[in-house]
Each structure stands twice: as structure tokens, then as C-alpha cells.
Amino acid sequence: MRLERLELRRIALDLVTPFRTSFGVETARDILLLKVTTDAGVGWGECVAQHEPAYSPEFVDGAALVIEQHLWPALLGAPASGDATLTAAQVAPTLQRFKGHQMAKAALEMAVLDAQLRAEGVSLAEHLGATRELIPSGVSVGIFDTIDVLLEQVAGYVADGYVRIKLKIEPGWDIEPVRAVRELIGRDKPLQVDANTAYSRADIEHLCQLDQFDLLLIEQPLAEEDVLGHAQLAAASATPVCLDESILSASTAVDAIELGATEVINIKPGRVGGYLEARSIHDVCVELGIPVWCGGMIETGIGRAANAALAALPGFTLPGDISASTRFYRRDIVTDPITITDGHVSVPSIPGLGYELDHEFLDSITTSTTELTG
Ligand code: NPQ
Ligand code: MG
């Protein structure tokens with residue numbers, strides 16, 4: 001494909017309810033979407049960076065800037081982009097000399113991949129090697145002021161059919177809320193927790209108290225850089241340790257596994273630089289016998305559809321954070337938003353990433369557009 005234009009579009013989308021984690025509260029999203037125009041048609045990508053660099057060092061203004069000033073020009077300058085041969089697989093190698101900025105790179109690769117697959121008439125699920133048409137759906141539940149409010153929320157999600165509950169935790173909001181939820185949902189309902197780096201090595205003994213609740217895993221309790229601390233926790237606790245923020249590529253995944261720092265991996269395409277790197281992590285985890293699941297970044301229907309395709313690969317043996325669009329948004333920007341039925345999401349099968357845009361709604365929530373040409 002020959003790349004012709006790139007549109008950077010910012011949208012504002014309110015959340016149905018505030019989402020509080022150990023790193024802050026989100027009430028509305030400021031999202032960067034990319035629309036690439038090629039000689040074979042258009043494709044869209046969604047950048048999962050947040051407004052603030054709180055989950056990771058990336059943030060939405062920074063992502064837009066690095067795409068405009070560095071990534072897009074480099075892609076246009078790639079030998080393959082001048083003729084008919086540029087493919088999505090060449091995007092990551094072309095951008096590799098730029099350090100970091102995985103979320104920005106992932107969004108660009110995603111747009112090129114969407115254009116390529118739409119032109120080929122192939123679905124993302126098929127392209128990645130998905131083996132299932134339905135995937136189990138989990139939900140991520142925020143932090144609240146009281147345990148009563150938390151229990152009310154969890155009861156609602158259980159009634160919605162979610163097959164797995166994930167509770168956000170932080171110091172002061174851990175053992176007692178988890179105990180109360182475990183009592184509410186019973187011993188058999190899959191339950192896990194996510195601290196988003198809120199603890200330190202001094203808390204290892206404290207975190208071992210979670211062992212009594214039969215959790216599927218504890219996600220990223222310590223700092224992104226603290227691989228040794230996670231290995232120490234994994235050795236001390238019965239609850240499997242799962243890394244999220246620390247895993248930035250297939251090679252960091254392999255290292256963390258070999259160092260005993262992670263027993264399960266949360267794969268987020270945005271965090272690792274794209275869906276193709278995400279598939280590589282899946283493949284290496286299958287080889288090493290490490291279970292994986294697909295995380296979520298409060299995506300719109302674009303990223304949510306693509307995540308469902310990824311999560312349909314055979315190594316995704318644990319339910320992911322791919323919940324119904326209505327968990328976060330009153331109205332989505334796609335015409336057929338992700339829903340759950342009997343606790344499961346259907347994997348999109350149409351060509352490309354797997355959705356069609358609701359252009360009228362999309363235009364109504366657009367806050368800015370920038371057009372870059374070749
Ligand atoms: C996680 N997500 O697994 C993340 C973190 C997270 C579903 O728990 C706006 C955009 C708010 C992205 C809050 C879930 C967010 C966000 C939390 C990502 O660690
Ligand atoms: Mg997480």
C-alpha cells in the first residue's frame with residue numbers, strides 16, 4: 001500500500017460512571033483516533049494513551065506530537081511506502097529506532113493494519129490466527145468510598161453476566177473489600193485484583209494476606225521497574241503474580257518469566273507497540289506455558305473489537321477485561337458496539353478490525369482534527 005494522508009482526530013467521551021484506580025479518577029476520555037488514507041482504502045487506529053501520564057509515561061498530547069513530528073514522517077520515508085508493498089508488519093521495524101512511545105506506534109500500526117485487512121477482505125481475528133468465535137468477558141471494578149457501594153456495583157456486574165470480577169486495590173483498600181466481595185460472590189466465581197503499582201517491597205507480607213481469598217492472580221502490585229520485587233512476591237505468595245505495566249515487549253515478557261517475576265501476563269496491544277507484538281507475546285507465552293489474558297484501556301468500539309479478535313487466540317486461557325461497551329460508555333462511536341450475552345463477547349468477523357463507525361456521532365464528539373499529507 002502507498003500511504004497518502006493521516007488524520008489525527010481527538011474526541012471527548014464521557015464515562016457512564018467515574019472510574020477510580022490507585023493512580024487517579026477518570027470521568028471522561030480525551031481520545032486520539034488516527035485515520036490513514038492509502039491507495040487501497042482507509043483504516044482507523046485508536047491510541048490508548050490517557051490525558052495524563054498516570055498509567056504509563058505516555059499521554060495523548062505527547063502521542064499526537066510524536067506521531068506528527070517523528071513516526072508519520074518516518075513511515076512516509078520508509079522505502080516500501082513509495083510503492084505498493086508497505087504492509088502493517090513493516091510499521092514496527094520502521095519505527096524501531098525511536099525509543100518508547102508504544103501506544104503511539106501501536107495506533108499507527110493499527111490504522112495501517114485496518115486499511116490492509118479491509119483491502120484484503122480479511123478479519124483481524126483471521127489474520128492473527130484466532131480459534132474461537134466467543135470469548136469470556138470479565139469486568140474491572142474501580143475503588144469506591146465504602147464497601148457497601150462496592151458490593152452494590154459488583155452485584156450489578158454479576159447480574160450482567162460477567163464471568164470474572166477484577167477489583168482495583170490500593171493501600172487502605174485491599175484485604176477488607178476483597179473479603180467482602182469474595183463473601184458476596186461465593187468461592188467459585190473467578191476473582192482477581194489489580195494494584196496498578198501502588199505497593200512497595202515492604203508490603204509483600206501484607207499482600208500475602210490476599211492468599212486466603214483464592215484469587216486468580218494479583219496484577220502489577222509494585223512499580224513498573226521492580227522486576228526483582230515481583231519475583232520476591234511471587235516466591236512468597238500463593239496468589240499468582242501477573243504483570244501489566246512492566247511488560248513493554250515480547251523480550252521484557254520473556255525476561256520477567258525467566259526471572260520468576262510473573263506467572264501470568266496481561267497483554268495490552270497499546271502498551272507493547274501493537275497487535276502484532278501482542279501476538280508475539282502470546283506465542284512465546286504459549287511456548288513457555290504461561291497463561292495470558294487481554295487487558296483493557298477503556299477503548300471505544302475500535303479498540304474493543306480488535307481486542308476481542310486478539311483474545312480469541314488459543315493461549316488466552318483466562319477471561320480478559322473486554323467488557324460490554326456500556327460498562328464505560330452510554331453511546332459508542334461504532335454502529336455495532338461490543339455486548340455480552342451469557343457472559344461472552346462475540347469475536348468480530350468482518351474485514352478489518354471488525355466494526356463500522358457511526359460517523360454522525362463521531363463527528364458530534366470530535367474536538368479537533370489535524371490532517372498530515374505525504
Ligand atoms: C489496567 N484498565 O488494567 C487498566 C488501567 C486503566 C480496565 O482496569 C482511562 C483510560 C482510564 C485507560 C483507567 C482496566 C483508565 C485506563 C485504568 C486504564 O491496569
Ligand atoms: Mg492493570
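Residues numbered from 1 in each chain as written. Chains lettered and ligands numbered in written order. Predicted model: local features only at pLDDT ≥ 70, side-chain atom pairs only at ≥ 80, totals over all residues. Heavy atoms only, no water.

Engineer: Can you lay out the overall build of the chain for me, pointing to particular residues and giving the numbers?
Structural biologist: Along its length, the chain carries 13 helices and 13 strands. Computed over C-alpha atoms, the radius of gyration of the chain comes to 20 Å, within 12% of the 21 Å expected from 2.2 N^0.38 for 374 residues, which places it in the range of a compact globule. Here the C-alpha coordinates of the chain stretch approximately 60 × 40 × 35 Å along the principal axes. Out of the 374 residues in the chain, the part that is buried amounts to 58%. (Helix = DSSP H or I, 4+ residues; strand = E, 2+ residues; numbered from the N terminus. Rg over C-alpha atoms; globule rule 2.2 N^0.38 Å. Buried < 20%, exposed > 50% of the residue type's maximum accessible area, 1.4 Å probe, protein only.)

Engineer: Describe helix 3 (residues 102-120), and please don't skip the residues or the numbers.
Structural biologist: End to end, helix 3 covers 26 Å across 19 residues, agreeing with the expected 27 Å (1.5 Å per residue, within 8%). When you tally the buried positions in helix 3, you get 16 out of 19 residues, the bulk of the element. Immediately beyond the C-terminal end of helix 3, within one or two residues, lies G121, with a positive phi of roughly 75 degrees. (Expected span 1.5 Å × (residues − 1).)

Engineer: I'd like a description of the coordination of the magnesium ion (ligand 2), backed by residues and values.
Structural biologist: For the magnesium ion (ligand 2), the protein coordination sphere consists of D194 (OD), E219 (OE) and D244 (OD), at 2.0 to 2.3 Å. Written as a sequence motif, the donor residues of the magnesium ion (ligand 2) are D-x24-E-x24-D. Residue D194 is found in strand 7 (residues 191-194), and its partner E219 is found in strand 8 (residues 218-219); the two are separated by 25 residues along the sequence. A residue is classified by how much of its surface remains accessible, and D194, at 1% relative accessible area, is buried. (Donors = N, O, S within 2.8 Å, 3.2 Å for Na, K, Ca; no water.)

Engineer: Quick rundown of the nonpolar core? Include the residues and the values.
Structural biologist: I67, L167, L210, I265, I302 and I333 are the most contacted members of the largest nonpolar core, which has 127 residues in total. At 10 residues, helix 3 tops the list of elements feeding residues into this core. (Core = buried A, V, L, I, M, F, W, Y, C linked by side-chain atoms within 4.5 Å.)

Spatial relationships are all this shows, so hold off on functional conclusions.
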